[in-house]
Amino acid sequence: MRLLLRFMGFLFAAGTIVFLVGVAAAAGLIWHFSKDLPDYSQLQDYEPPVMTRVHASDGSLLGEYSKERRLYLPIQAVPKLVINAFLAAEDKNFYEHGGIDYSGMARAALLYAQNFGSNKRPQGASTITQQVAKNFLLTNEVSFTRKIKEALLAMRIERAYSKDKILELYLNEIYLGLGAYGIAAASLVYFDKSVNELTVAEAAYLAALPKAPSTLHPVKNHDRAIERRNYVIDRLLENGWIKQADADKARKDPLIVTNRANGAHTFAGEYFAEEVRRDLFERYGEKKLYEGGLSVRTTLDPKLQVMARKTMANGLVTYDEAQGWRGAMSKLDISGDWGVKLADVKSLADIAPWRMAVVLESNDQSARIGFQPGRELGGAVSKERQTGLIALDGVKWAKAAAGPARGKTPTAVSQVLSPGDVIYADPLIGKDGKPVDGQYRLRQLPEVSGAMVAMDPWTGRVLAMVGGFSFDQSQFNRATQAYRQPGSSFKPIVYSSALDNGYTPSTVVVDAPIEIDQGQGSGVWRPENYSKEKYYGPQTLRNALRLSLNTVTVRLAQDIGMPLIGEYAKRFGVYDELPNYLSYALGAGETTVMRMVTAYSMFDNGGRRVKPTLIDRIQDRYGHTIYKHDQRECRGCDAPGGWKNQPEPQLVDRREQVLDSMTAYQITSMLEGVVQAGTAAPAFSGFGRPMAGKTGTTNDQKDAWFVGFSPDLVIGVYMGYDKPRNLGRTATGGHLAAPIARSFMNLALADKPAAQFRIPAGIKLVRVDSKTGMRAGPGDTGKTILEAFKPGTAPPDNYSVIGVADADGRQPQAPPDADRSLFRPGTGGLY
């Protein structure tokens, strides 16, 4: 008995020593691994990379920019179903353990022992807290060292943070495949839904992904993805988090993924979205753009944008088709499966309803075409093959652009198309305005390009912008990056400079040949009107602008001086510095559509400075406004206590007055004449609304412009080749650009009541003879108009123009009874 007691005592002592040694060893290990543990307190201030989202003015999504597609979602905004799905898949005891699930660790250890030496990756037993420790603070190294550090960090994190905070970090950080980080982004990427809209099956699939998103691809690994999803559904049912009926339905649901695009999400908004992206990059840099979680509200009106894209594209295509058919884009071997071969040909994704196709067979009556098949989410070419017919009606426009048959209308489809031709086609529209079933029209990508900008003149908000025919074809934005000569569309800047400095719309300037000695051996410059040999003699400024007379503009520029015109051009933002050459008064300098539209906005709004903007407001990831375009002060908008019959709020506009408001109205009235009876009149015939504007055509017809405005909308259109070349003998701004602007304005103003241009206080409307500018008498039966005059100015009662110069080269003098204010010293009134 004594021996037994002694042995038991020995065992106890030995056990105690072993226990103490074990405790000491464990403590030593903990101390050893704790020395180099990362600082977990950084989780408190963690700001994950979050995507920047750009929205149109109506709130619709325009674009997303990120390195990691992530939207940070507070735990309070995560539905219970989604939380339970992730707990069922990853850590059902999350709300019970202290960071480590010992039963899970035992299972993993047993499995490791069974698979020892098999080269299989050890199964993890990490809790959600341990995954947070690994994802935020450690690496993906497979080792016991990392697991120990992970466990130690998990316990410390559990003591420092609430369970909800830990779960919030996890659900926003995890990678879930297809470039999506966090549940909010994954919900959009996979199903194009918010997390609140997810079904049981969809939530279960997302919860299945953290283990291995690449091996659970919904298309490439469809069966395995379904199996894992159903496993999560079973765990939800087992834990009592869903009902049996819900589980049965969820298991039967097909796994259908709606892939969400990375680019612009508003049709035809690609150029606009890219311009906003560049703006954000310049303001805040790359990191804040792609990781800062900015929320950007832009000025884009999606409806106007679609109208702008449609009318601009139609204008480019109409002009291009008139030049003739240049032939197929390429040739394709159509033997075997033509669909797979055609799928490898790069097609433009933003020119719907145009679709790429290959000609399968052709004869005199028609051609059978096969459309480019789409690709499935995994990248495989769809097995579906769609075909259609192009009849003679679909190729009638396709006159040969070169060769012996140039200009001849095709009499057979086979003259235009042959098997293997890669082309574009869209549905053929019948006489009733509806698509003809199964028939298509041949299309051709236009060589000519152009741009359009629509702007709110009162705020500078860009409502629509088209930078070319296809962003997918060329990302060069011709609205903001293409510097082209505006031609005569610059003349209103010259005329407004004159009107702001003593001239009136009735001032008379002679239209006659003129020679300018350019000095320094540069020779003599002889500017001509567009009509070359035709000159009209003395003309009022109104008529000179209406008819776009170059010699009048040059004489006017001579009289007021190019430095003054340069100052106004700078004020309007058309040019930063305008050289003092008279040719620049005719629009020889280079500028952009955006700059020209901004300048005309100042005519429209009464002369207030306008700063163009594509962005209304920018908020940071916390919802704080960090930029706002509208800087006007609103007095009374923040009145405390609500409405108490106080005076209505007042907007205080402190923007600079760059042009006298009465001058702005005078030039607007003159530009109305251009639209009603001038170079833009044919395009706007029957328009039926107040509209002002100016056409522009450069030398050799390389650029065609129209910039104009209604009382509340400004439009600018430019057309030309990217490598400037002649557009054609009759290619003018009035023939090419103005009709596009007219089409857009028809659509944009269709549901708006007609409004008149605002007449500023102080303006006098006096009836004058439309040809001479003289005051009309009571019994005057000639053609008269109401002309706008500022206080202190008036039309002459009578005077006559006697010529340009006498035989000795002397200028004519003002008649003694003429209004002397109209005649500049030394010029006799003809300049």
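The coordinates are above.
Before going into details, it helps to say that this report is about the structure given with it. (Residues numbered from 1 in each chain as written. Predicted model: local features only at pLDDT ≥ 70, side-chain atom pairs only at ≥ 80, totals over all residues. Heavy atoms only, no water.)

A short note on the sheet that holds strand β23 (residues 704-710)
Part 1 of the reasoning: Pairing within the open sheet is antiparallel, and its five strands lie in the order β13-β12-β24-β23-β22. Each of the sheet's edge strands pairs with one partner strand only, and the pair in question is β13 (462-466) and β22 (692-697). Put simply, the sheet's adjacent strands are angled 5 degrees from each other on average, direction ignored.
Part 2 of the reasoning: As paired elements, β23 and strand β24 (residues 713-720) share seven bridges and run antiparallel to each other. Looking at β24, one finds that Ser710 is bridged to Leu713. (Pairing = 2+ DSSP bridges. Helix = DSSP H or I, 4+ residues; strand = E, 2+ residues; numbered from the N terminus. Axes fitted to C-alpha atoms, helices over the stretch in contact; angles between N-to-C directions.)

Considerations on the sheet that holds strand β1 (residues 52-55)
Part 1 of the reasoning: The mixed open sheet is built from five strands, whose spatial order is β2-β1-β5-β18-β19. Strands with a single pairing partner mark the edges of an open sheet, and in this sheet they are β2 (61-65) and β19 (625-628). Neighbour to neighbour, the strand axes of the sheet diverge by 15 degrees on average, direction disregarded.
Part 2 of the reasoning: Across four bridges, β1 lies against β2 in antiparallel orientation. Paired with His55 across the strands is Leu61, a residue of β2.

Section: the pattern of salt bridges
Part 1 of the reasoning: For the structure on display, the rule yields 45 salt bridges.
Part 2 of the reasoning: One salt bridge in this structure joins Glu64 and Arg69, with 3.2 Å as the shortest N-O distance. We note that Glu64, like Arg69, is buried.
Part 3 of the reasoning: By sharing partners, the salt bridges in this structure join Glu274, Glu275, Arg277 and Arg278 into a single network. (Salt bridge = Lys/Arg side-chain N within 4 Å of Asp/Glu carboxyl O. Buried < 20%, exposed > 50% of the residue type's maximum accessible area, 1.4 Å probe, protein only.)

Notes on empty space enclosed by the protein
The probe, sized like a water molecule, is rolled over the atoms to show the empty space still left.
Part 1 of the reasoning: Enumeration according to the criterion identifies three cavities of 30 Å³ or more in this entry.
Part 2 of the reasoning: Forming the boundary of the largest cavity are Ala268, Glu270, Tyr271, Gln305, Arg309, Asp350, Val466, Gly468, Phe469, Ser470 and Phe471.
Part 3 of the reasoning: Listed by contribution, the elements that provide at least two residues to the lining of the largest cavity are α11 (270-291) and α12 (302-322).
Part 4 of the reasoning: Tallied by class, the residues present in the lining of the largest cavity amount to five nonpolar, three polar and three charged. (1 Å grid on protein atoms, 1.4 Å probe; cavity = no way out; pocket = protein on both sides within 12 Å on 5 of 7 lines; lining within 4 Å. Points joined across faces, edges and corners; volume = space filled by probe spheres on them. Nonpolar A, V, L, I, M, F, W, Y, C, P; charged D, E, K, R; others polar.)

As for the nonpolar core
Part 1 of the reasoning: Tyr495, Phe572, Phe684, Phe706, Ile715 and Phe744 are the most contacted members of the largest nonpolar core, which has 130 residues in total.
Part 2 of the reasoning: The residues touching Phe572, leaving out its near neighbours within four places in the chain, are Ile493, Ser496, Arg595, Ala599, Met602, Phe603, Val658 and Leu659. (Core = buried A, V, L, I, M, F, W, Y, C linked by side-chain atoms within 4.5 Å. Contact = heavy atoms within 4.5 Å.)

Regarding the packing of helix α14 (residues 491-499) against helix α19 (residues 661-677)
Part 1 of the reasoning: Closest axis-to-axis distance for the α14/α19 pair is 9 Å, and the angle between their directions is 135 degrees. With respect to each other, α14 and α19 are oriented oblique. As for the relative orientation of α14 and α19, their crossing is right-handed in sense. Where α14 abuts α19, its residues Pro492, Tyr495, Ser496 and Leu499 lie against Thr663, Gln666, Ile667, Met670 and Leu671.
Part 2 of the reasoning: Of the residues belonging to the contact of α14 with α19, the class tally is six nonpolar, three polar and no charged. (Parallel < 35°, antiparallel > 145°, perpendicular 65-115°, else oblique. Left-handed = near helix turned anticlockwise from the far one by under 90°.)

With respect to the layout of surface pockets
Part 1 of the reasoning: The computed volume of the second largest pocket comes to approximately 930 Å³.
Part 2 of the reasoning: Along the wall of the second largest pocket there are 36 residues; nearest its centre are Glu528, Asn529, Tyr530, Asn550 and Thr697.
Part 3 of the reasoning: Taken together, the elements giving at least two residues each to the lining of the second largest pocket come down to β22 and α20 (733-748).
Part 4 of the reasoning: In terms of residue class, the lining of the second largest pocket is made up of nine nonpolar, 21 polar and six charged.

Focus: a nonpolar patch on the surface
Part 1 of the reasoning: Together, Ile759, Leu765 and Leu786 line one region of the surface with nonpolar side chains, adding up to about 260 Å² of accessible area.
Part 2 of the reasoning: Looking at the secondary structure, you find Ile759 in the loop between α20 and β25 (764-769). (Patch = residues over 30% accessible without salt bridge, like charges linked within 9 Å, V, L, I, M, F, W, Y side chains within 5 Å. Areas by Shrake-Rupley, 256 points an atom, 1.4 Å probe, with all protein chains shown as cover.)

Some thoughts on helix α2 (residues 80-90)
Part 1 of the reasoning: Here α2 lies mainly inside the structure; nine of its eleven residues are buried.
Part 2 of the reasoning: Burial in α2 covers these residues: Val82, Ile83, Asn84, Ala85, Phe86, Leu87, Ala88, Ala89 and Glu90.

Observations concerning the side chain of Asp456
Part 1 of the reasoning: Turning to its location among the elements, Asp456 is positioned in the loop between β12 (449-455) and β13.
Part 2 of the reasoning: There is no salt bridge for the buried Asp456, and the closest opposite charge comes from Arg461, which lies 4.7 Å off by N-O distance.
Part 3 of the reasoning: If we ignore the near neighbours within four places in the chain, the residues touching Asp456 are Arg461, Leu463 and Asp712. (Lys, Arg positive; Asp, Glu negative; His and termini not counted.)

So, helix α17 (residues 562-572)
Helical geometry: 3.6 residues make up each α-helical turn, so side chains three or four residues apart lie on a common side.
Part 1 of the reasoning: Listed as buried for α17 are Met562, Ile565, Gly566, Tyr568, Ala569 and Phe572. Around the axis of α17, the buried residues are gathered within 165 degrees of arc, so they sit on the same side.
Part 2 of the reasoning: Looking at the buried side of α17, the elements it contacts are α14, α16 (550-560) and α18 (593-604).
Part 3 of the reasoning: Where α17 terminates, the next one or two residues include Gly573, which has phi positive at roughly 80 degrees. (Arc of directions from axis to C-beta.)

Let's talk about the state of the cysteines
Part 1 of the reasoning: Following the criterion strictly, the structure yields one disulfide and no others.
Part 2 of the reasoning: Bridging Cys634 to Cys637, the disulfide has an S-S length of 1.5 Å.
Part 3 of the reasoning: Since its relative accessible area comes to 26%, Cys634 is described here as partly exposed. (Disulfide = S-S within 2.5 Å.)

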